[in-house]
Amino acid sequence: MDYRIEYFNQSVQDDILALPDTLAARYIVLTRRMQALGPNLGEPHTKTFGQGLFELRLKAAEGIARVFYCTLVGKRIVMLHGFVKKSDKTPSGDLKLATSRMKERKHEKP
């Protein structure tokens, strides 16, 4: 059984799919790989932030983007928040938003 990609909400999906073309293409390639192999592709493609939060690391000619995600029971991968990186360090606001959404999703009843 393959993994299933879900989105925290429609806005998250729209934001991710609105990434610049080369980053969006990289996202599609890596998420297809995640569906077949699982959520942890290893660096440089994925990185763990601890406590169940991961990031998908996208790099292409148009820049660098990150998509935070978590996993849920039933081979579900939930995309929580995506953004284009403008500095070396992950902005704390983006990390807090992803962490908050992960906690909210993990406490929902299936």
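Residues numbered from 1 in each chain as written. Predicted model: local features only at pLDDT ≥ 70, side-chain atom pairs only at ≥ 80, totals over all residues. Heavy atoms only, no water.

Novice: Can you help me understand helix H3 (residues 92-106) in this one?
Specialist: The periodicity of an α-helix, 3.6 residues per turn, causes residues three or four places apart in sequence to face the same way. Helix length check: H3, at 15 residues, gives a terminal C-alpha distance of 21 Å against a target of 21 Å (1.5 Å per residue), a fit within 8%. Buried residues of H3: Asp94, Ala98, Thr99, Arg101, Met102 and Arg105, and no others. Looking straight down H3, one finds its buried side chains confined to an arc of 165°; they lie on one side. (Helix = DSSP H or I, 4+ residues; strand = E, 2+ residues; numbered from the N terminus. Expected span 1.5 Å × (residues − 1). Buried < 20%, exposed > 50% of the residue type's maximum accessible area, 1.4 Å probe, protein only. Arc of directions from axis to C-beta.)

Novice: Got a minute to help me understand the pattern of salt bridges in this structure?
Specialist: Side-chain pairs of opposite charge can arise where the charged atoms are in close proximity. Inspection of every chain in the model, using the stated rule, returns five salt bridges. Across the pair Glu55 and Arg57 runs a salt bridge whose closest N-O atoms are separated by 2.8 Å. For Glu55, a relative accessible area of 2% puts it in the buried group. Relative accessible area serves as the criterion here: at 22%, Arg57 is assigned to the partly exposed category. For Glu55, the salt bridge is made with Arg66, and the minimal N-O distance between the two is 3.6 Å. Of this pair, Glu55 sits in strand E3 (residues 53-60) while Arg66 is found in strand E4 (residues 63-72), placing the two residues eleven residues apart along the sequence. Among the charged side chains, a network of salt bridges with common partners joins Arg4, Glu6, Arg76 and Arg105. (Salt bridge = Lys/Arg side-chain N within 4 Å of Asp/Glu carboxyl O.)

Novice: Please explain the packing of aromatic side chains as it appears in this structure.
Specialist: Aromatic rings in a pair are described by how distant their centres are and how their planes are angled relative to each other. Counted by the stated rule, this structure contains three aromatic pairs. Relative to Tyr69, the ring of Phe54 has its centre 5.4 Å away and its plane inclined at 15°; by these criteria the two rings are stacked. Placement of the pair is Phe54 in strand E3 and Tyr69 in strand E4, with a sequence separation of 15 residues. Above the face of the Phe49 ring, Lys47 is positioned so that its terminal group lies 5.9 Å from the ring centre. (Phe/Tyr/Trp six-rings, centres within 6.5 Å; stacked < 30°, edge-to-face > 60°. Lys NZ or Arg CZ within 6 Å of the ring centre and 35° of its normal.)

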